Amino acid sequence: MQAASIEPSGEGSRWATRGWLVASAATVTVLLLGVLRAWLPSVVHVYGDAGTTPAVQMGLFALVWFLLPVPVVFLVRRLGAKVFWRLGVVVLALARVALQLTDGGWPQLGTASVALVGGATAVIALASGSPSGHLARVGIVLGLGLEAVLHAALGTLDLVWRGGVGATVAVVGLAAFAIVVAERAERVPLWWPSPLDAAGDFSPVWTRGPAWPWLAVGPAIVLTGVLVASPARLELAGGIGPRAAVLALAVATALALVAASLAPAVGAGVSGTIGAVLVVATTIGAIRPVGASSAVAQLGLLVAIGFVLGTQTSPGDSGPRRRAAAAAGSLLLLLALGFGYYAAYELAFPFANGAVLLAGAVLLAGLSVAAARDDKRTRRVRDVPQGALVLAATALVVVGGLAALLVPATQEPGQSPRAGGPVRVAVYNVHAGYDVDGRFDPDALADVLLASGADVVVLNEVDRGWLLEGGHDLLRLLTDRTGMHATFAPAADDVWGNAILSRLPISDVTVSALPRGGAAMTRSQVSAVVDLGEGRSLAIVGTHLHHVEAEPAVRLAQARAVAAEVSRLRSRGLAVAVLGDLNAPLDAPELEPLAFLDDAVPGDEPTWPADDPTLRLDHVLITSDLVASDPVIVRTTASDHLPVAVTIGPRRSIAAAGQD
């Protein structure tokens, strides 16, 4: 009995079928990465109860969801790849629509988890049903780049966090498109051994291929999500604005598509060697977003991943089960690398967490080197027509340029009308932008800040690009919504820390790390001089002390460092206000070094947790030449902390204001 053939008739139909496969793999990748941007922070803020659950326990919870698709590896040969491909894509698409309709909490975590399982199932089935895997992995490279461009074009506020009919319609359209192109990619029955990858039937050399290249998918997702798809990292490294970042990412995506598509034509020896060298070099250059070379490395890393995933060898057919196992293993590597990188902020590892990313890059390089060594067994094939490739790459750049126009122009900060008089200040731990239900809502935070009337705000837990938190640039989102200008103070790493928002001119900014002791996470303080007008100035010190209640010695050393900074500013004749989440009440012994300062908001009204506050952790402290009035602790659940606002100024200015 003759096996069913999926070969379409005609040259044009052949290329069309291949195009649908690339488009389908890319769409699934975009959807899956979008789900990850909601699922990861949901694990932290919903299951992890705002990070109070031990990191290892959260990791085990996450592992359960990554293990659920593993049985597909053992069932795919019996039931066929197409069954699980269709099931995975449909579950991913429908659960993504359902996720759009949730409003935080366990429904958000539950639907995101189901979508994650669906996406993982689709990836495993895609690997199983693609004997060569080349076109499928080209689609994954395209999806990685497109998701980064979309994330940047949306100002990092992804569709999942946007309300309204427009966002819902966009998500429904994307989900429907995913289902349609998934069906077009496999237009005939896919019962094994009929492959998803139509290229296998057109060129005999591609009817077989190794399983191990699929191990590269998970690490590639981690490196892209952490180091590439973060506009703030490009801004910090090369001064690249949001609109330019969108265009730069589009160009990098086009180059990555070219690299992945033409890799078989140049041969595994060339593409594998280039991929191995580039992926390690660009990862090393991108880990610290400092200098223009780092910006180039971030963009180059996407191109390097294109070479790695596009490199193709054919040492023999590995079989659908082995390919499925490799894909499942790559997703477990995604979890291990991602967990290892971010767990270093809670667990004191004996190495810098950048080593975790470098380990992922070395793994990718090893796979590329192995492919290069198999070059003698690989026939060089031009799998994608050059005309179509040039058209696709050009379209990416054009679309990227148009998408850049979606990014709102940066607002110029408004200036306070006050001249030499009192100034209203506030401190707010913004919890990386997540409310008490685990929903990312920068609009709610901005509304709170605007309602407080504050001219100067110290922010704690400002995230500018952690994949674990969704990869948002919260500082940019808040400055756009409040019209204030920002000064960022890295703490845990280059894109997570403290910030000062101000309507008034500031100068003499100093950022310094606080003593770390044996703690896993680095903390920082930032000081700046605020120009009040009429020749008067006020020094602001913003900080966030160590959070583990059982480790007061670390907070004591940090409080001493803050006191030393206050003394330095006082020696210049400046009045000083200290604002921050001190992670302790003022009568705690470890805060004794700050006892010479006055509490601008007297009393013990609690500020944490926001939905049922029991502890006063957030404070405004002032030197004796300042006086405070109109203190307010705002009741809101926009973060897990309550903001504290108060008006401060020279004593005579406050008195004059009262007489008026």
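Preceding this section is the structure that the text describes.
Keep in mind that what you see is a predicted model, and the values were worked out from it rather than measured.

Rules and cut-offs
- Residues numbered from 1 in each chain as written.
- Predicted model: local features only at pLDDT ≥ 70, side-chain atom pairs only at ≥ 80, totals over all residues.
- Heavy atoms only, no water.
- Helix = DSSP H or I, 4+ residues; strand = E, 2+ residues; numbered from the N terminus.
- Buried < 20%, exposed > 50% of the residue type's maximum accessible area, 1.4 Å probe, protein only.
- Areas by Shrake-Rupley, 256 points an atom, 1.4 Å probe, with all protein chains shown as cover.
- Contact = heavy atoms within 4.5 Å.
- Pairing = 2+ DSSP bridges.
- Axes fitted to C-alpha atoms, helices over the stretch in contact; angles between N-to-C directions.
- Expected span 1.5 Å × (residues − 1).
- Core = buried A, V, L, I, M, F, W, Y, C linked by side-chain atoms within 4.5 Å.
- Patch = residues over 30% accessible without salt bridge, like charges linked within 9 Å, V, L, I, M, F, W, Y side chains within 5 Å.
- Salt bridge = Lys/Arg side-chain N within 4 Å of Asp/Glu carboxyl O.
- Phe/Tyr/Trp six-rings, centres within 6.5 Å; stacked < 30°, edge-to-face > 60°.
- Lys NZ or Arg CZ within 6 Å of the ring centre and 35° of its normal.
- Lys, Arg positive; Asp, Glu negative; His and termini not counted.
- Polar contact = N/O pair within 3.5 Å; in protein donor to acceptor, adjacent residues only side chain to side chain.

K.L.:
Explain the overall build of the protein residue by residue, including any values.
P.N.:
In terms of helices and strands, the protein carries 20 helices and twelve strands. Split into buried and exposed, the 660 residues of the protein put 61% on the buried side. On the protein, roughly 23800 Å² of surface is accessible, and the fraction owed to carbon and sulfur atoms is 63%.

K.L.:
Explain the environment of M58 residue by residue, including any values.
P.N.:
Its place among the elements puts M58 in helix α2 (residues 55–67). Measuring from C-alpha to C-alpha, the distance between M58 and F339 comes to 9.4 Å, with 281 residues separating the pair along the chain. For M58, the contacting residues outside a window of four places in its chain are V43, V44, Y47, G48 and T53.

K.L.:
Quick one: what's the story with the sheet that holds strand β12 (residues 644–650), residue by residue and with numbers?
P.N.:
Taking strand neighbours across the sheet as the criterion, the six strands line up as β3-β4-β2-β1-β12-β11 in an open arrangement whose pairing is mixed. Across the chains shown, the open sheet's two edge strands, defined by having one partner strand only, are β3 (485–493) and β11 (626–633). Across the sheet, the mean angle separating the axes of adjacent strands is 20° when strand polarity is ignored. Both strand β1 (residues 423–429) and strand β2 (residues 456–463) contribute to a ladder of five bridges, which runs parallel. Bridge assignment links N429 to a residue of β2, and that residue is N460. Here helix α17 (residues 442–452) sits on the sheet and contacts β1, β2, β4 (496–502) and β12; the angle it forms with β1, its principal contact strand, is near 155°.

K.L.:
Can you explain helix α6 (residues 134–153)? Please cite residues and give values.
P.N.:
End to end, α6 covers 29 Å across 20 residues, agreeing with the expected 28 Å (1.5 Å per residue, within 8%). Among the 20 residues of α6, 18 are classified as buried, and the element is accordingly described as predominantly covered. G155 occupies a position one or two residues after α6 and carries a positive phi of about 70°.

K.L.:
Can you tell me about the nonpolar core, naming the residues and giving the values?
P.N.:
Among the nonpolar cores identified, the biggest contains 150 residues, and W39, W214, L223 and L459 are the most heavily contacted of them. Looking at this core element by element, the count peaks at 16 residues for helix α1 (residues 11–47). In contact with W214, not counting residues within four places along its chain, are L126, A127, S130, G133, A136, R137, I140, R323, A326, A327 and S330. Membership of the second largest hydrophobic core comes to 28 residues, among which are A528, V530, L538 and V620.

K.L.:
I'd love a proper account of the pairing of strand β6 (residues 524–533), names of residues and values included.
P.N.:
Among the ten residues in β6, eight count as buried, and that is most of the element. One ladder, built from six bridges, connects strand β5 (residues 506–513) with β6; its direction is antiparallel. Residue V511 lies in a different strand from β6, and its bridge partner there is V526. Hairpin connection of β6 to strand β7 (residues 536–544): two residues between the antiparallel strands, including E534 at a positive phi of 55°.

K.L.:
Go over a nonpolar patch on the surface with me, naming the residues and quoting the values.
P.N.:
On the surface, a cluster of nonpolar side chains totalling about 330 Å² of accessible area is made up of F74, L75, L79 and V83. Here the nonpolar patch takes three residues from helix α3 (residues 72–79), the largest share from any one element. On the basis of relative accessibility, which here comes to 35%, the residue L75 falls in the partly exposed class.

K.L.:
Can you explain the sheet that holds β7? Please cite residues and give values.
P.N.:
An order of β5-β6-β7-β8-β10-β9 is seen for the six strands of this open sheet, with the pairing classed as mixed. Every interior strand has two partners, whereas the edge strands, β5 and β9 (598–599), have only one. Inspection of the sheet shows β9 paired to strand β10 (residues 618–622) by two bridges, in the antiparallel sense. Within β10, the position partnered with D598 by the bridge is I622. Contacts from helix α19 (residues 552–570) reach β5, β6, β7 and β8 (576–581) within the one sheet, and its direction differs from that of β6 by about 30°.

K.L.:
Can you explain the environment of L406? Please cite residues and give values.
P.N.:
Mapped onto the fold, L406 is located in the loop between α16 (386–404) and β1. As for L406 and A153, which are separated by 253 residues in sequence, their C-alpha atoms are 6.0 Å apart.

K.L.:
So what's going on with the pairing of β10? Residues and values would help.
P.N.:
Counting buried residues in β10 gives five out of five residues, a clear majority hidden from the surface. What you see with β10 is no split at all: D618, V620 and I622 on one side and H619 and L621 on the other are buried throughout. As defined by bridge partners, β8 adjoins β10 across five bridges and the pair is classed as antiparallel. Counted as the bridge partner of G580 is H619 from β10.

K.L.:
With reference to specific residues and values, describe the pattern of salt bridges.
P.N.:
The final tally for this structure, using the stated rule, is 13 salt bridges. As a salt-bridge pair, R476 and E235 come within 2.8 Å of each other at their nearest N and O atoms. Here E235 lies in helix α10 (residues 231–238) and R476 lies in helix α18 (residues 474–482), a separation of 241 residues in the sequence. The class for R476 is buried, based on a relative accessible area of 16%. Since its relative accessible area comes to 24%, E235 is described here as partly exposed. A salt bridge links E565 to R568; the shortest N-O distance between them is 2.7 Å. Here the residue E565 and the residue R568 both occupy positions in helix α19, the gap between them amounting to three residues, near one helical turn.

K.L.:
Tell me about the packing of aromatic side chains, residues and numbers included.
P.N.:
In total, this model carries 14 aromatic pairs according to the counting rule given. Residues W39 and F66 carry aromatic rings whose centres are separated by 5.6 Å and whose planes lie at 65° to one another, so their mutual orientation is edge-to-face. With a gap of 27 residues between them, W39 in helix α1 and F66 in helix α2 connect regions that are remote in the sequence. Here F66 falls in the buried class, since its relative accessible area comes to 7%. Considering the side-chain rings of W466 and W496, the 5.5 Å spacing of their centres and the 20° angle between planes classify their relative orientation as stacked. Taken together, the residues W466 in the loop between β2 and α18 and W496 in strand β4 connect sequence positions 30 residues apart. You can call W496 buried: its relative accessible area is 6%. Taken together, the ring pairs in this structure connect Y341, Y342, Y345, W466 and W496 into an aromatic cluster. The ring of W214 has R137 sitting right over it, with the charged end atom 5.4 Å from the ring centre.

K.L.:
Describe the side chain of D493, listing the residues and the values that go with them.
P.N.:
The residue D493 is located in strand β3 in this model. No salt bridge is formed by the buried D493, whose closest oppositely charged neighbour, R233, lies at an N-O distance of 5.5 Å. There is a polar contact of 2.7 Å between the side chain of D493 and the side chain of Y345. At 3.1 Å, the side chain of D493 forms a polar contact with the backbone nitrogen of W496. Sequence-distant contacts of D493, defined by excluding residues within four places in its chain, comprise Y341, Y345 and W466.

K.L.:
Just give me the short version of the environment of D49, but keep the residues and values in it.
P.N.:
Its location among the elements puts D49 in the loop between α1 and α2. Residue classification places D49 among the partly exposed residues on the basis of a relative accessible area of 48%. Counting along the chain gives 591 residues from D49 to D640, while the straight-line C-alpha distance between them is 9.9 Å.

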